[in-house]
Amino acid sequence: MSPEKTLTEPDRLFQAIPEPVVGLCRRLAGAGKRGWVVGGCVRDSLLGLAAKDWDVATDARPEEVQRIFRRVIPTGIKHGTVTVVLGGVGYEVTTLRGEGEYRDGRHPEAVTFLDDIEEDLARRDFTFNAIALDPLARTIVDPFDGQRDLARGLLRAVGVALERFVEDGLRVLRAARFAAALECEVEASTLRAMAAPEAHRTLAKVSPERVHDEWQKAMKARRPSIAFSLMRSTEVLPLHAPELASLADDVYARGLERIDRCPSDPPLRLAALCLELGDTPTLGADEAEALLRRLRFSNDDRNRILHLVRHQLAEGDAPSSWSDAALRRWLRAVTPSRLDDVVTLAEASREGDAKAEASALGARARAMLAEGVALETRDLAVRGKDLMQALELSPGRHIGELLEALLERVLDEPSLNQAERLIEVARGLRGGAA
Ligand code: ATP
Ligand code: MG
């Protein structure tokens, strides 16, 4: 058994609530309503972590909230959520809700508003996400023993886990994500429910955008491997990433170890896992592309990840033995703007001497760039028009080809990159071609 975590003392806990949030609850009280601080901010504050956003639950109906505060944005008014703006900061204020909201894309979303905070907490996903604070009365409402689970490092569904996961399949992925983010164990019946085909049927209907968000959040954890190994063991992975699901156990495990060694940069980490795909970098990139498109990764993320997969340093590569010319050609393919990314991933992928090789490669390539190495035709000391003039050539595709040929020579021998010498070489190349 791991030792229990010490949670924030109540005094400090209530002190952590920002003054505008307490003021917001006071204004609600002034109007005869109540406000509770709920959800992620309570959980994170109990753990002594900085809360991301402060959410308030209230028994006031959304229209009442709009009347009570001056600046209110009707963010999700159908679901009872409005954003109250105080001192330039937005706080989500949500009317107490009951069950009836399904996210499987099949049921019409219906919301029932309630007056009871405990019923609102009952529809929440995990016990540690179902704790409310009344900042005025200074009471903690914790009907499902979320604090106990948090202290023990246990993720437990509120109510009957299977029912909750069948109701909303996204919760299965949230469970995997929170297990990684909070580095906690999943309670046995919750874990069984995560693996249940009935839950997967609802999860299959969750939009790819939401799956994408959970993957991104999981990739920000200190050890994303916790989430991704849960996705595999509960057989959730084939729903979203059959490419990764079909990897052999040891290959997948190696990918996960690599993710954990990467800096906390979600696309870089996903690339670290995608390195295992395909028999060659090109085939791997094809599989990764299908996955990234399916999960709605942005064009920027996709291009970055595919570039990392295509230009990965192969396991046996020992770049210290590469000639300068080989290094220049590698750098041209990698492109200077992606150099740091490719090296960072190689460092995270390797250990010991092989890792030192990757770092040394980065240093050598950066030094080359600092010297102003020519990697593209526009880095050459001559332009097309110089060649046309000197060699009395007419414009056309052959000029571009000539420049390419010159670049090839310069990659081997950078000292050739002076106008007169290049023209001389070009003359030789033309002569050879004639
Ligand atoms: P984070 O913001 O770090 O992702 P969070 O716990 O704040 O974590 P949100 O998605 O912001 O998560 O949701 C706020 C709260 O709403 C949660 O703490 C939980 O109580 C509830 N909640 C969110 N999504 C669900 C869901 N799918 N099912 C049940 N309750 C949910
Ligand atoms: Mg949140």
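All of the points below concern the structure found in this document. (Residues numbered from 1 in each chain as written. Chains lettered and ligands numbered in written order. Predicted model: local features only at pLDDT ≥ 70, side-chain atom pairs only at ≥ 80, totals over all residues. Heavy atoms only, no water.)

## Side note on the site of ligand 1
Neighbouring ligand 1 are 15 residues, the closest being Arg43, Asn129, Asp168, Arg171 and Arg177. At 3.4 Å, a backbone N or O of glycine 40 approaches an oxygen atom of ligand 1. For ligand 1, an oxygen atom lies 3.1 Å from a polar atom in the side chain of lysine 217. In isolation ligand 1 has 580 Å² of accessible area, and contact with the protein removes 84% of it. (Near = heavy atom within 4 Å. Polar contact = N/O pair within 3.5 Å; in protein donor to acceptor, adjacent residues only side chain to side chain. Areas by Shrake-Rupley, 256 points an atom, 1.4 Å probe, with all protein chains shown as cover.)

## So, the nonpolar core
Within the largest apolar cluster, 126 residues are counted, with the highest numbers of intra-cluster contacts made by Trp215, Phe228, Met231, Leu244 and Trp330. Look past the residues within four positions of tryptophan 330 in its chain and what remains in contact with it is Leu313, Trp322, Leu339, Val342, Val343, Leu361 and Ala365. (Core = buried A, V, L, I, M, F, W, Y, C linked by side-chain atoms within 4.5 Å. Buried < 20%, exposed > 50% of the residue type's maximum accessible area, 1.4 Å probe, protein only. Contact = heavy atoms within 4.5 Å.)

## A few points about the sheet that holds strand E4 (residues 81-86)
Read from one edge of the open sheet, 7 strands run E3-E4-E5-E2-E1-E6-E7, paired in mixed fashion. The open sheet has two free edges, formed respectively by strand E3 (72-76) and strand E7 (139-141), since each of these has just one partner strand. When strand polarity is set aside, the average angle formed by the axes of neighbouring strands in this sheet is 35°. Note that strand E6 (residues 132-134) and E7 share 3 bridges and pair antiparallel. Looking at E7, one finds that alanine 132 is bridged to valine 141. Packed onto the sheet, helix H2 (residues 19-30) meets strand E1 (35-38), strand E2 (55-58), E4 and strand E5 (89-95) and runs at close to 15° relative to E2. (Pairing = 2+ DSSP bridges. Helix = DSSP H or I, 4+ residues; strand = E, 2+ residues; numbered from the N terminus. Axes fitted to C-alpha atoms, helices over the stretch in contact; angles between N-to-C directions.)

## Observations regarding the packing of helix H8 (residues 170-181) against helix H12 (residues 225-233)
The N-to-C vectors of H8 and H12 enclose an angle of 145°; their axes lie 7 Å apart at closest approach. Like other packed secondary-structure pairs, H8 and H12 cross with a definite hand, here right-handed. Facing H8, whose interface residues are Leu173, Ala176, Arg177, Ala179 and Ala180, H12 presents Ile226, Ala227, Leu230 and Met231. Partitioned by chemical class, the residues of the contact of H8 with H12 number 8 nonpolar, no polar and 1 charged. (Left-handed = near helix turned anticlockwise from the far one by under 90°. Nonpolar A, V, L, I, M, F, W, Y, C, P; charged D, E, K, R; others polar.)

By themselves these figures say nothing about function.
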